[in-house]
Amino acid sequence: MYAVARVTEAECTAEKGCRLCIAACPEPNTINYDFNKKVAVVHEQRCKGCELCVPACQVQKCISMIHL
Ligand code: SF4
Ligand code: SF4
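Participant: Provide a residue-level description of the overall build of the protein, including the pertinent values.
Facilitator: When you go through the protein residue by residue, the secondary structure sums to 2 helices and 4 strands. Listing each helix as α and each strand as β along the protein from the N terminus yields β-α-β-β-α-β. In the protein, buried positions account for 29% of the 68 residues. Expressed as a percentage of contacts within the protein between residues at least 6 apart in sequence, the contacts between residues at least 24 apart total 62%. For the protein, the exposed surface amounts to about 4,600 Å²; the carbon and sulfur share of it is 52%. Side chains of the protein carry 8 positive and 7 negative charges; the gap between the two charge centres is 2 Å.

Next up, the structure:
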């Protein structure tokens, strides 16, 4: 079983400047700000499932670990 992070786009406040998950992720280029969608987006194939982004996000239930 392998889990990756996923952002619930409707909850994400990245448009207002939040980048906490991006700063917390140790994997390069894995969570990025999507300038079109105006939310943080996880590159699932890069995500190592470390879950560091989950507590970094201050919006409840905005980032979830999804089992693939
Ligand atoms: S689970 Fe870890 S590797 Fe994956 S996006 Fe979150 S911080 Fe990055
Ligand atoms: S920490 Fe949460 S609210 Fe902030 S950019 Fe990441 S997913 Fe969005």
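Still more to cover.
Participant: Can you explain the site of ligand 2? Please cite residues and give values.
Facilitator: In the region of ligand 2, the neighbouring residues are Val7, Cys12, Thr13, Ala14, Cys18, Leu20, Cys21, Ala40, Cys57, Val59, Cys62 and Ile63. Split into classes, the residues belonging to the shell around ligand 2 amount to 11 nonpolar, 1 polar and no charged.

Participant: Explain the site of ligand 1 to me, using residue names and the numbers behind them.
Facilitator: Residues in close proximity to ligand 1 total 13 residues, the closest being Cys25, Cys47, Cys50, Glu51 and Cys53. Residues belonging to the shell around ligand 1 are distributed by class as follows: 8 nonpolar, 2 polar and 3 charged.

Participant: Hey, could you go over the packing of aromatic side chains for me, with residue numbers and the actual values?
Facilitator: By the definition in use, this model includes 1 aromatic pair. Ring plane angle 80° and centroid distance 4.9 Å describe the contact between tyrosine 33 and phenylalanine 35, whose orientation is recorded as edge-to-face. Among the residues examined, phenylalanine 35 registers a relative accessible area of 65% and is labelled exposed. If you follow arginine 19 out to its NZ or CZ, it ends over the ring of tyrosine 33, 4.0 Å from the centre.

Participant: Any details on the pairing of strand E2 (residues 31-34)? Residues and values, ideally.
Facilitator: Note that E2 and strand E3 (residues 39-42) share 4 bridges and pair antiparallel. Across the sheet, the residue bridging to asparagine 32 is valine 41, located in E3. Between E2 and the antiparallel strand that follows it, E3, lie 4 residues; lysine 38 among them carries a positive phi value of about 65°.

Cut-offs used in this document
Residues numbered from 1 in each chain as written. Chains lettered and ligands numbered in written order. Predicted model: local features only at pLDDT ≥ 70, side-chain atom pairs only at ≥ 80, totals over all residues. Heavy atoms only, no water. Helix = DSSP H or I, 4+ residues; strand = E, 2+ residues; numbered from the N terminus. Buried < 20%, exposed > 50% of the residue type's maximum accessible area, 1.4 Å probe, protein only. Contact = heavy atoms within 4.5 Å. Areas by Shrake-Rupley, 256 points an atom, 1.4 Å probe, with all protein chains shown as cover. Lys, Arg positive; Asp, Glu negative; His and termini not counted. Charge placed at Lys NZ, Arg CZ, Asp CG, Glu CD. Near = heavy atom within 4 Å. Nonpolar A, V, L, I, M, F, W, Y, C, P; charged D, E, K, R; others polar. Phe/Tyr/Trp six-rings, centres within 6.5 Å; stacked < 30°, edge-to-face > 60°. Lys NZ or Arg CZ within 6 Å of the ring centre and 35° of its normal. Pairing = 2+ DSSP bridges.

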